[in-house]
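Understanding the architecture of this molecule
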Amino acid sequence: MGRPQRRGPTPKSEIVRELTNPSQTPVGVLYLFCHYGLNATNLPVLRFGLDSSDPNDVLTETEFGTAEFPSCPLVFANACSTGTASVYAVNDLEKSFFDRRCRAYIGTESKVPAQMASRFAAIFFRFLFRIVDPQPMAAGESMVQARLFMWCHYKNIGALLYSYVNQYDLYMASDAEISQLQKR
């Protein structure tokens, strides 16, 4: 007996659809929790499944999409080495999202354990989406606070492996709330 036959959309097709034509608009945050690496031909791929050899679990660079994001989201690529580049080149994944007009990008500078990655994301999003404090907090400041929290509560410096690129003062708030912040 082989694998059971799936009916309906596959997880890969749903991810591709959301990356190329999001079902919800506006998209404020695009969060990817997966593995990142190069395939046999040295092209970047995202691996979403446990079996890295199964093509149904792997997205190639051509499947990420190329159309501009209408809402210019924050992209959080929570996977190993999604913020790493050589001295003379940019990270291909990061560049592909900036080419599509993301406002900011979070990636990792090296390999990170899955448990730490999920904990860091949970803390970051609690600051960004105002669960910790009802006042709007910039995405860059949410990153700083999440790093501090990881150190103060877990004595874990792993959060320093995350990099934040571009718009530091990106808020998940209404225009009126941001105007009030600027008046203070």
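Going by the structure above, here's the rest.
A short tour of the structure in this document, coming up. As the structure is a prediction and not an experimental result, all values here were calculated from the model.

Turning our attention to the overall build of the protein chain. Looking only at helices and strands, one finds five helices and seven strands in the protein chain. Expected size for 184 residues packed as a compact globule is a radius of gyration near 16 Å; at 17 Å, the protein chain falls within 12% of this value. Over its C-alpha atoms, taken along the principal directions, the protein chain stretches across nearly 65 × 40 × 35 Å. For the protein chain, the distance from the average position of its 18 positive side-chain charges to the average position of its 17 negative side-chain charges is 5 Å.

Counting through the fold element by element, Leu30 comes out in strand 1 (residues 29-33). Distance from Leu30 to Tyr162, taken between C-alpha atoms, is 16 Å for residues 132 residues apart in sequence. Setting aside anything within four residues of it in sequence, one finds Leu30 in contact with Leu19, Phe69, Pro73, Leu74, Val75, Phe76 and Phe97.

Turning next to the nonpolar core. Leu74, Phe76, Ile106, Phe120, Phe124, Tyr162 and Tyr164 are the most contacted members of the largest nonpolar core, which totals 24 residues. Elements with a contribution of two residues or more to this core: strand 5 (74-78), strand 6 (104-108), helix 3 (114-128), helix 4 (139-154) and strand 7 (162-166). Broken down by element, the residue count for this core peaks at nine residues, all from helix 3. If we ignore the near neighbours within four places in the chain, the residues touching Leu74 are Gly28, Val29, Leu30, Ala104, Tyr105, Ile106, Phe124, Leu128, Ala139, Tyr164 and Leu170.

In this structure the tally under the stated criterion is four salt bridges. With its nearest N and O atoms 3.2 Å apart, the salt bridge here joins Lys12 to Glu63. Highlighted residues: Lys12 in helix 1 (residues 11-20) and Glu63 in the loop between strand 4 (58-60) and strand 5, separated in sequence by 51 residues. Take Lys12: its relative accessible area is 17%, and that puts it in the buried class. Taking relative accessible area as the criterion, Glu63 reaches 21% and is therefore assigned partly exposed.

This next bit is on the layout of surface pockets. Quantified by volume, the second largest pocket comes out at close to 220 Å³. Considering the residues around the second largest pocket, the lining is formed by 16 residues, among which Gly28, Arg103, Leu170, Tyr171 and Met172 are closest to the centre. Looking at the lining of the second largest pocket residue by residue, the classes come out as ten nonpolar, three polar and three charged.

Next up on the list: the sheet that holds strand 3 (residues 44-47). Pairing within the open sheet is antiparallel, and its three strands lie in the order 2-3-4. Either end of the sheet is taken by a strand with one partner, and the two such strands are strand 2 (35-38) and strand 4. With direction set aside, neighbouring strand axes in the sheet form an average angle of 25 degrees.

What follows is about the side chain of Asn91. With respect to the secondary-structure elements, Asn91 resides in the loop between strand 5 and helix 2 (92-99). One polar contact links the side chain of Asn91 to the main-chain amide nitrogen of Leu93, over a distance of 2.9 Å. Contact partners of Asn91, with chain neighbours within four places excluded, come to Tyr36, Ser81, Thr82, Gly83, Thr84, Ala85 and Tyr105.

Moving on, we get to the pairing of strand 3. Residues Pro44 and Leu46 point to one face of strand 3 and Val45 and Arg47 to the other, with burial holding for every one of them. Examined bridge by bridge, strand 2 and strand 3 share four bridges and lie antiparallel to one another. Among the inter-strand pairings, Tyr36 is bridged to a residue of strand 3, identified as Leu46. Taking the residues between adjacent antiparallel strands as the criterion, strand 2 and strand 3 are bridged by five residues, where Asn42 takes a positive phi near 65 degrees.

What counts, and where the lines are drawn
- Residues numbered from 1 in each chain as written.
- Predicted model: local features only at pLDDT ≥ 70, side-chain atom pairs only at ≥ 80, totals over all residues.
- Heavy atoms only, no water.
- Helix = DSSP H or I, 4+ residues; strand = E, 2+ residues; numbered from the N terminus.
- Rg over C-alpha atoms; globule rule 2.2 N^0.38 Å.
- Lys, Arg positive; Asp, Glu negative; His and termini not counted.
- Charge placed at Lys NZ, Arg CZ, Asp CG, Glu CD.
- Contact = heavy atoms within 4.5 Å.
- Core = buried A, V, L, I, M, F, W, Y, C linked by side-chain atoms within 4.5 Å.
- Buried < 20%, exposed > 50% of the residue type's maximum accessible area, 1.4 Å probe, protein only.
- Salt bridge = Lys/Arg side-chain N within 4 Å of Asp/Glu carboxyl O.
- 1 Å grid on protein atoms, 1.4 Å probe; cavity = no way out; pocket = protein on both sides within 12 Å on 5 of 7 lines; lining within 4 Å.
- Points joined across faces, edges and corners; volume = space filled by probe spheres on them.
- Nonpolar A, V, L, I, M, F, W, Y, C, P; charged D, E, K, R; others polar.
- Pairing = 2+ DSSP bridges.
- Axes fitted to C-alpha atoms, helices over the stretch in contact; angles between N-to-C directions.
- Polar contact = N/O pair within 3.5 Å; in protein donor to acceptor, adjacent residues only side chain to side chain.

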